[in-house]
Amino acid sequence: MTLAQFRRLVQKEFGTGLRHMTPANVREFVDRVQNETDPPVRDARGRFQLDETERTYEGIVHDFLYHTLELPPEQAVIRLWLFSLELANATVNDLEADKFERLLGTLGEETPGE
């Protein structure tokens, strides 16, 4: 996929200025595009095969960034944009989960004087 094709895909998915971006469609988009640009490896039975030598999150990120530097520039930009989108989406989801937890946690509390 070229960078121009990727831009068109992003605009089609999220609209001009990314105004239709939501946590749900971001997750679907990232999963779909990552599977298209870097398909998972499967064994002879069709099961996913993980070939990850790193054992920590930090090691996996380090390996990802290292190998991304070796890609042609257009492919690296796409990969890093998707990674950034995924991180931003995870942060938004965490923040929203915290808000809902505080809101819903107060619903079960008794008010003084009851």
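Residues numbered from 1 in each chain as written. Predicted model: local features only at pLDDT ≥ 70, side-chain atom pairs only at ≥ 80, totals over all residues. Heavy atoms only, no water.

Chemist: In this structure, what is going on with the overall build of the protein? I would like to understand it.
Modeler: In terms of regular secondary structure, the protein is built from four helices and zero strands. In the protein, the succession of helices and strands from N to C terminus is α-α-α-α. Out of the 114 residues belonging to the protein, those deemed buried represent 17%. Relative to all contacts within the protein whose residues are 6 or more apart in sequence, the contacts with residues 24 or more apart total 51%. By element, 57% of the accessible surface of the protein is carried by carbon and sulfur atoms, the whole surface being about 9,000 Å². (Helix = DSSP H or I, 4+ residues; strand = E, 2+ residues; numbered from the N terminus. Buried < 20%, exposed > 50% of the residue type's maximum accessible area, 1.4 Å probe, protein only. Contact = heavy atoms within 4.5 Å. Areas by Shrake-Rupley, 256 points an atom, 1.4 Å probe, with all protein chains shown as cover.)

Chemist: Quick question: what am I supposed to make of the nonpolar core here?
Modeler: Counting residues in each nonpolar core, the largest one holds eleven residues, listed as L3, F6, V10, F14, V26, F29, V30, V33, I78, L82 and L85. For this core, the elements supplying multiple residues, two or more each, are α1 (3-14), α2 (23-37) and α4 (73-107). In this structure F29 touches F6, L9, V10, E13, F14, W81, L82 and L85, once residues within four positions along its chain are discounted. (Core = buried A, V, L, I, M, F, W, Y, C linked by side-chain atoms within 4.5 Å.)

Chemist: Explanation requested: the pattern of salt bridges in the structure shown.
Modeler: Oppositely charged side chains can form a pair if their charged atoms are brought close together. Under the criterion given, the structure shown has three salt bridges. Between R32 and E13 there is a salt bridge, with the nearest N and O atoms lying 2.7 Å from each other. One end of the pair, R32, is in helix α2; the other, E13, is in helix α1, with 19 residues separating them in the sequence. On the accessibility criterion, R32 (33% relative accessible area) is partly exposed. In this structure E13 comes out as partly exposed when scored by relative accessible area, which is 24%. (Salt bridge = Lys/Arg side-chain N within 4 Å of Asp/Glu carboxyl O.)

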